[in-house]
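What follows is the residue order along each chain.
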Amino acid sequence: MSQRKLNRRQAWRAEKIQAERSARSQKEERNLSRQVQSGLLSSEQTGLVICRYSKHFEIEAMEGQDQGEIHKCTARTNLGSIVAGDQVTWRAGSDGTGVIEARLERRSILERPDNFGKLKPVAANIDQMLIVIACEPTPQINLIDRYLVAAELMHVRPIIVLNKADLLNDQNSSELNALLEIYQSLGYHVEKIISSRHQPAELADLPSLIDQRTSIVVGQSGVGKSSFINTLLPEANLAVGDLSTSTREGTHTTTQAKLFHLPCGGQLIDSPGIRDFSLWHIDPPQLQQGFIEIAALLGQCRFRDCKHEHEPGCAILLAAEQETIHPLRFESYERIKAAILDQQSRGLNLDSY
Ligand SMILES: Nc1nc2c(ncn2[C@@H]2O[C@H](COP(=O)(O)OP(=O)(O)OP(=O)(O)O)[C@@H](O)[C@H]2O)c(=O)[nH]1
Ligand SMILES: [Zn+2]
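Sequence order sets the numbering: in each chain, residues are counted from 1 along the sequence as written. Here the convention is simple: chains get letters from A, ligands get numbers from 1, in the order in which they are written. Given that this is a predicted model, residues contribute local features only at a pLDDT of at least 70 and side-chain atom pairs are listed and counted only at 80 or more, while totals for whole chains, interfaces and linings are drawn from all residues.

Per an unreviewed UniProt entry, the protein goes by Small ribosomal subunit biogenesis GTPase RsgA and derives from Arenicella xantha. UniProt positions are given in the numbering used here, feature names are shortened, and annotations may be inferred rather than shown by experiment. Entered under Subunit (unreviewed entry) in the UniProt record, the comment concerning the protein runs "Monomer. Associates with 30S ribosomal subunit, binds 16S rRNA." Turning to the protein, the UniProt annotation filed under Subcellular location (unreviewed entry) states: "Cytoplasm".

Right, dumping it as structure tokens:
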């Protein structure tokens with residue numbers, strides 16, 4: 001078959017699919033309008049997205065008589081992505097269902113690339129990021145730094161939470177404390193906690209730090225994110241995965257981001273187990289902004305267009321040499337930068353979804 005014929009056939013198919021889709025959505029819209037007119041759907045109200053599963057959303061009523069109640073909702077077409085933490089306008093049905101009409105403006109959004117480098121929103125309207133690490137699996141500085149960069153670029157406050165503090169011992173404590181010291185000296189808040197169901201829980205100052213805010217819980221699989229949330233909120237009852245005996249890493253128990261209310265008034269969003277938090281969608285200048293000790297030096301190099309690679313009079317290279325930027329942090333920065341440049345050179349589509 002000639003290329004032209006094939007293209008014409010493809011175009012015809014695409015048009016047909018498009019026409020079917022638009023007919024379907026027009027039918028859905030007519031259906032909805034009928035339901036509104038006949039009083040089957042309530043008037044518009046504001047709601048909070050608790051979680052998404054497949055094509056449905058759990059929406060919590062934020063006002064009116066059924067405030068706090070959860071409805072299983074569908075969404076009108078073309079609303080864009082809707083994720084846990086989003087606020088929406090919606091209409092309630094009579095039977096615990098409802099329809100999302102629009103998404104309200106977000107104050108922050110956490111995105112991560114999927115396997116094809118395409119950005120996917122994970123959670124919205126977050127105030128702070130709880131970066132959970134643990135004595136086991138051993139923390140990777142590179143991964144902590146990726147989360148920190150994401151938090152800095154989203155303008156949300158990061159808090160580093162060292163979980164499984166009961167496993168601190170003579171062998172691992174000096175190394176772990178040295179690692180935490182790097183972050184504390186940069187001004188980051190660090191809390192050591194115990195969240196295992198086999199130990200008396202110890203949450204240090206965390207409850208007061210997360211009070212009245214929306215926090216997202218991120219961290220490598222197996223660090224105890226679900227256990228930590230269960231300790232704060234026993235009714236959340238998240239599945240806790242056992243560490244794989246061969247790798248001592250977790251087994252990715254959590255699959256969808258979900259929002260939980262805390263008794264103290266704040267909210268927590270639990271995200272899917274993230275092993276490798278990639279930063280493919282940012283460029284080196286953004287990465288420099290995300291490393292706060294590097295960001296503080298920007299503008300102090302001899303050349304205005306300094307790339308901080310080999311240039312004489314580079315304030316960042318000088319600070320790295322004098323170790324005012326911690327060598328492990330600088331190494332981590334260079335590794336992340338190399339990974340970003342590598343992804344870009346392979347031509348992945350980094351900026352759209
Ligand atoms: N010793 C100890 N073990 C803990 C603690 N907290 C959690 N664990 C254990 O760590 C393992 C992993 O815990 P999870 O809560 O499933 O970890 P997660 O980070 O939610 O894992 P994913 O859902 O895979 O992302 C389980 O075997 C827990 O019992 C703790 O404070 N101390
Ligand atoms: Zn420079």
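S.K.: Can you walk me through the overall build of the protein in this structure?
M.R.: Scanning the protein for helices and strands turns up nine helices and 13 strands. Counting all 353 residues of the protein, 33% fall into the buried class. By the convention adopted here, residues are in contact when the distance between their C-beta atoms, placed from the backbone, does not exceed 7 Å. Contacts in the protein between residues at least 24 apart in sequence constitute 63% of all its contacts with a sequence separation of at least 6. Secondary structure elements are defined from DSSP: runs of H or I of at least 4 residues count as helices, runs of E of at least 2 residues count as strands, and each element is numbered from the N terminus. Every C-beta atom is placed from the backbone, and the number of other C-beta atoms within 10 Å of a residue's own sets its class: buried at 20 or more, exposed at 12 or fewer, partly exposed in between.

S.K.: Can you walk me through the nonpolar core in this structure?
M.R.: Across soluble globular proteins, you tend to see nonpolar side chains buried next to one another. For this analysis, nonpolar core means a set of buried Ala, Val, Leu, Ile, Met, Phe, Trp, Tyr and Cys residues linked through C-beta atoms within 7 Å. Core analysis: the largest hydrophobic core is formed by 70 residues, its most contacted members being Ala123, Ile131 and Val132. When neighbours within four sequence positions are excluded, alanine 123 is seen to be in contact with Val83, Ala84, Gly85, Leu110, Ile216, Ala257, Ile269 and Ser271.

S.K.: Which parts of the structure should I look at to understand the pairing of strand E2 (residues 56-61)?
M.R.: Along any regular strand the residues' side chains alternate between the sheet's two faces. Of the two faces of E2, only one is covered, namely that formed by Phe57, Ile59 and Ala61; the face formed by His56, Glu58 and Glu60 stays uncovered. Any two strands with at least two DSSP-identified bridges between them are counted as paired. Pairing of strand E1 (residues 45-53) with E2, which is carried by six bridges, proceeds in the antiparallel orientation. When the sheet's bridge partners are listed, tyrosine 53 is paired in E2 with histidine 56. Between the antiparallel neighbours E1 and E2 lie two residues, among them serine 54 with a positive phi of about 55°. Pairing of E2 with strand E3 (residues 70-75), which is carried by four bridges, proceeds in the antiparallel orientation. Of the residues in E3, the one forming a bridge with isoleucine 59 is histidine 71.

S.K.: In this structure, what is going on with the domain arrangement of the protein? I would like to understand it.
M.R.: How big an interface is tends to be stated in terms of the accessible area lost upon association of its parts. Considered domain by domain, the protein is made up of domain 1 (45-103), domain 2 (109-270) and domain 3 (284-345). Summarising the inter-unit geometry, the C-alpha centres of domain 1 and domain 3 are found 44 Å apart. The source of the domain bounds is an automatic or database domain assignment.

S.K.: Got a minute to help me understand the packing of helix H2 (residues 141-154) against helix H9 (residues 327-345) in this structure?
M.R.: Think of two packed helices as two axes; the pair is described by the angle between the axes and how far apart they sit. At a closest axis distance of 10 Å, the pairing of H2 and H9 adopts a crossing angle of 75°. Classified by the interaxial angle, the pair formed by H2 and H9 is roughly perpendicular. Residues Ile141, Asn142, Asp145 and Arg146 of H2 form the contact with H9, whose participating residues are Leu328, Arg329, Ser332, Arg335 and Ile336. Residue type decides the class: Asp, Glu, Lys and Arg count as charged, Ala, Val, Leu, Ile, Met, Phe, Trp, Tyr, Cys and Pro as nonpolar, and the leftover types, Gly among them, as polar. In terms of residue class, the contact of H2 with H9 is made up of three nonpolar, two polar and four charged. Here an angle of 0 to 180 degrees is reported between the N-to-C directions of two axes, which are lines fitted to C-alpha atoms, with helices fitted over the stretch in contact. Working rule for angles: under 35 degrees goes down as roughly parallel, over 145 as roughly antiparallel, 65 to 115 as roughly perpendicular, anything else as oblique.

S.K.: What is the right way to look at helix H5 (residues 225-232) in this model?
M.R.: Of all eight residues making up H5, seven are buried, and the element is well covered by its neighbours. Within the sequence span of H5, burial applies to Lys225, Ser226, Ser227, Phe228, Ile229, Thr231 and Leu232. Contact partners of the buried residues in H5: strand E8 (128-134), strand E9 (157-163), strand E11 (214-218), strand E12 (258-261) and strand E13 (267-270).

S.K.: Is there a simple way to explain the environment of glycine 219 in this structure?
M.R.: One can find glycine 219 in the loop between E11 and H5. The spacing of glycine 219 and leucine 130 is 89 residues in sequence and 8.3 Å in space, taken between C-alpha atoms. Contacts of glycine 219, omitting those with residues within four sequence positions, involve Ile131, Val132, Ile133 and Lys225.

S.K.: Explain the confidence of the model for the protein here, please?
M.R.: A low pLDDT score tells you not to read the predicted coordinates there in detail. The pLDDT value tells you how sure the predictor is about a given residue, anywhere from 0 up to 100. Looking at the protein, the pLDDT average stands at 85 and 88% of residues meet or exceed 70. Segment residues 243-254 is flagged for pLDDT under 50; beyond a separation of four residues in sequence, or across chains, it makes 29 contacts in the model. In the predicted structure, residues 349-353 sits below a pLDDT of 50 and forms ten contacts with residues beyond four places in sequence or in another chain. Of the two predicted TM-score estimates for the complex, the pTM is 0.81 and the ipTM is 0.96.

S.K.: What's the story with the environment of alanine 257 in this structure? I'm lost.
M.R.: Locating alanine 257 in the fold gives a position in the loop between H5 and E12. With 23 C-beta atoms counted inside 10 Å, the residue alanine 257 sits in the buried group.

S.K.: Explain unusual backbone geometry here, please?
M.R.: Note the cis peptide between glutamate 136 and proline 137, where omega equals 0°. Within the secondary structure, proline 137 sits in the loop between E8 and H2. The backbone of histidine 155 sits at a positive phi, close to 60°, despite the residue not being glycine.

S.K.: It is not clear to me how helix H3 (residues 173-185) should be interpreted in this structure. Could you clarify?
M.R.: An α-helix turns once per 3.6 residues; consequently, residues spaced three or four apart project the same way. For a helix, the expected span equals 1.5 Å multiplied by the number of residues minus one. For H3, spanning 13 residues, the distance from its first C-alpha to its last is 18 Å, which sits close to the expected 18 Å at 1.5 Å a residue. A positive backbone phi angle near 100° is found at glycine 187, which sits one or two residues after H3.

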